[in-house]
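Chain residues, written in single-letter form:
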Amino acid sequence: MIRHTLNQLLRWPRSQRWLLAGSLVALLSVFPFQAAGSEKSASSHWAFQPLASASASLTPGASPIDSLIGTQLAKQGLQANGPADAYTLIRRASYDLTGLPPTPEEITEFVNDPAADAYARLIDRLLASPAYGERWGRMWLDLARYADSNGADENMAHPNAWRYRDYVIRSFNQDKPYDRFLREQVAGDLLPATGNAEADLDQLIATGFLALGPKMLAEQDKDKLLIDVVDEQIDVITKTFLGLTVSCARCHDHKFDPVSQADYFALAGILRSTRTMANTNHVSRWVETVLNLPDNPAIIAAHDQEVRDKKAEIAALDADTAADKREERLKSLKEQLKKLESAGPLLPKAMTVTEGRPMDVPVHLRGNHLTPKPEATPRGIMRLFDGCLPTPVVNGTNSGRSELAAWLTDARHPLTARVMVNRIWQGHFGSGLVRSPSNFGLRGELPTHPELLDWLAREFTASGWSVKALHRTIMFSDAYRRSSQTELANATRDPDNLQLWRQNRRRLEAEPIRDSLLFVSGKLHQPAAHSLGDLEKNQEYYRDDGASFEKPTRAIYLPVVRANGYEMFATFDAADPAVHHQNRAATIVPSQALFMLNSSLALAAARDLAHNLVKSPAKDSNARLHELYLRLLGRPARPPETELLLRELKPATDASAPEPKTADWERLCRVLLAANEFVYVN
């Protein structure tokens, strides 16, 4: 019967077969689909269970991380690598925590320090560096889809987005407890005042997390605009904090995870009751809130004085009856006054959200706002974890964001801590214990070390959600400090290093590569201000001529323009700032080598580096070569390298031959900057 039916269908014209296929897809999108037995597998899925205790599996006296990894290595018949040498270790730790290489002086001091606590002091110094927040802040901005312009249809500038960026950097440097960090971004405007002016401002600025997404500002169906904003917020909240793809349930029940369409619209009601857009004019605008800063009275006074001066100048011209030839000047002054009074004083603002009118949203058939069900879905939170923690009831008089934030940060939550510790682990090993860091659902990867993941999550919450404490725990393990050398016997059994018998060799991301080029040449400077130039002055389309990307500050302070990205960043796989980005790609393409050989940035770095080497006093070629290797590659030159390079620099065997010129050193610097070893961390 089935064969006969298929044969008949195959005789249909192609257009009719496509029509049938489209109808079947539409039908399946209306009715929830679950594979046989999937309901049972969803309820028992590992990520939806309480955190397990690993105490029975731990070896007394051993690091819990190494104990749990060692157990699995033994089961697989794998022999762990020994520790990395001191040169490799300081370079690895420096890039992991600050995104910058160690200086030759720092390398020499660490390598020659015999004290037992030398490594611990190194980690503490790196964690205390302002560069730490810049490094890990950039990683967080990938998740938060940070950008300084809107993208989408109207690429308006985000003139105040930098305040959220700096809030993130500041939070990591302060080691703000992660649960607090999360609550501020979801509902900071609803938290009680702390009594500290800066902390209170941070609570408000943090809600920029919800406001930063791209929006179709010129969309004329404003109801669609608003529900699309909500959908984007649901996507970034659930992927970032829960590692779940909840936005899949907008059009139908989630095909794999236990998230219904009703769950989605209960959550949508919370965010639809939150005011993200200031207006829905022809080209809509987002909410920006004036910040209560000490300079505000002076700004207001200066504005008022400017208005008075304009009015006085206009009055003087009006009174001058002989000033017929100054009519154009009078007209110009009146236009200036009108704009000045209309704009008001330019007080500092931040992209934020505020509470809106509480409202429940009905389920939309197929996710279409034009086909809502008759009854509204009460605002609420997904009931995925009823066995782990209670689902709060949303107060009918507010949006429900406070309840959502509290639910997300409950220490009993099975996902919040797991997801974050997995991201921190990923930052130190190149991949997480769960290799799909923003999908812990049924279609995500299984954890390679489930007991270790849960132990780390428990430690994380027990430490008061301290991210810096988590760094120390991970970086003090033998697993982190292992050599990255490949052993054939191990690689044959475990080619992807799933069992962590070695450390992973990783290519640097775009930002550390750029920052390192400036750093090693002595040109990297901290930002003098947080201005983005023209972006601060207006909200017109932002068209950049490239000059904004040439500032010698760290890459995190450069503008992120959604419709006009920095070419160097694209070359080295920077994140798409329009969407949540769970990890960076690490492609190997010819354009990267060409950039390191020929770009103006690399050429300038080689030139400046060579000049600095040559002008250093009382140094011969051997000493300069030693310093160059330490500065660029984090290790001394090996004897064959020294012999070869000195011969190239000074081919004459006569001891009286002149020292190499600056141009000779510049060519050598170009060669070493283009080496793989400069952009890889062992």
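Up top is the structure.
Residues numbered from 1 in each chain as written. Predicted model: local features only at pLDDT ≥ 70, side-chain atom pairs only at ≥ 80, totals over all residues. Heavy atoms only, no water.

Trainee: So what's going on with the overall build of the protein chain? Which residues, and what values?
Mentor: Along the protein chain, the regular secondary structure elements total 31 helices and 10 strands. By residue count, 51% of the 682 residues in the protein chain fall in the buried class. Taking all contacts inside the protein chain whose residues are at least 6 apart in sequence as the whole, residues at least 24 apart take part in 72%. For the protein chain, the exposed area adds up to about 31700 Å²; of that, 55% sits on carbon and sulfur atoms. (Helix = DSSP H or I, 4+ residues; strand = E, 2+ residues; numbered from the N terminus. Buried < 20%, exposed > 50% of the residue type's maximum accessible area, 1.4 Å probe, protein only. Contact = heavy atoms within 4.5 Å. Areas by Shrake-Rupley, 256 points an atom, 1.4 Å probe, with all protein chains shown as cover.)

Trainee: I'd like to hear about helix α14 (residues 261–272), residue by residue, with values.
Mentor: Taking 1.5 Å as the rise per residue, α14 with 12 residues should run 16 Å; its terminal C-alpha atoms sit 16 Å apart, in good agreement. Most of α14 is tucked away: 10 of the 12 residues are buried. Within α14, burial applies to Q261, D263, Y264, F265, A266, L267, A268, G269, I270 and L271. For α14, the elements touching its buried residues are α13 (222–242), β1 (274–275), β7 (361–364), β8 (372–377) and α17 (401–408). (Expected span 1.5 Å × (residues − 1).)

Trainee: For the environment of I90, give the residues involved together with the corresponding values.
Mentor: Note that I90 resides in helix α5 (residues 86–98). Here the alpha-carbon distance between I90 and E106, two residues 16 residues apart in the chain, equals 8.6 Å. Contact partners of I90, with chain neighbours within four places excluded, come to P102, E106, I107, F110 and L122.

Trainee: Tell me about the packing of helix α18 (residues 416–429) against helix α20 (residues 467–475), and name the residues and values.
Mentor: Between α18 and α20, whose axes approach to 10 Å, the crossing angle comes to 50°. When the axis of α18 is compared with that of α20, the two are oblique. Between α18 and α20 lies a crossing whose hand is right-handed. For the pair α18 and α20, contact is made by M420, V421, I424, W425, H428 and F429 and by V467, L470, H471, I474 and M475, respectively. (Axes fitted to C-alpha atoms, helices over the stretch in contact; angles between N-to-C directions. Parallel < 35°, antiparallel > 145°, perpendicular 65-115°, else oblique. Left-handed = near helix turned anticlockwise from the far one by under 90°.)

Trainee: Let's hear about the side chain of R514: which residues, and what values?
Mentor: Among the structural elements, R514 can be located in helix α23 (residues 510–520). Residue contacts for R514: discarding those within four places in its chain leaves F549, K551, P552, T553, R554, A555, L558, Y566, M568, F569 and L601.

Trainee: So what's going on with α17? Residues and values would help.
Mentor: Taken across its 8 residues, α17 has 6 buried, putting it largely inside the fold. Buried residues of α17: R401, E403, L404, A405, W407 and L408, and no others.

Trainee: I'd like a rundown of the side chain of N504, residues and numbers included.
Mentor: Looking at where N504 falls in the secondary structure, it is placed in the loop between α22 (488–493) and β9 (506–507). Reaching out from N504, the side chain makes a polar contact with the backbone oxygen of F429 at a distance of 2.8 Å. A polar contact of 2.9 Å, which involves the side chain of N504, links it to the side chain of N497. With residues near it in sequence (within four places) discarded, N504 still touches F429, S431, S484, N497 and V681. (Polar contact = N/O pair within 3.5 Å; in protein donor to acceptor, adjacent residues only side chain to side chain.)

Trainee: Report on the environment of L668, specifying residues and quantitative values.
Mentor: Relative to the assigned elements, L668 resides in helix α30 (residues 662–673). With a relative accessible area of 7%, L668 lands in the buried category. Taking the C-alpha atoms as reference points, L668 and E648, 20 residues apart in sequence, are found 8.9 Å from one another. Leaving out residues up to four positions away in the same chain, L668 has contacts with L625, L628, L645 and L649.

Trainee: Would you mind going over the nonpolar core in detail, with residue names and values included?
Mentor: Counting residues in hydrophobic clusters, the biggest one holds 118 residues, and the most contacted among them are W140, Y164, Y178, W425 and L456. Residue contributions to this core peak at 8 residues, all from α13. W140 has contacts with Y164, V168, F172, Y178, F181, Q185, T240, F241 and M420, leaving out every residue within four places of it along the chain. Grouped together as the second largest cluster of nonpolar side chains are 43 residues, L517, V520, A555 and F569 included. (Core = buried A, V, L, I, M, F, W, Y, C linked by side-chain atoms within 4.5 Å.)

Trainee: How would you sum up the state of the cysteines? Please name residues and give values.
Mentor: Per the stated rule, a full pass over the model turns up 0 disulfides. The cysteine C251 is free of any disulfide, with C248 supplying the nearest cysteine sulfur at 9.4 Å. (Disulfide = S-S within 2.5 Å.)

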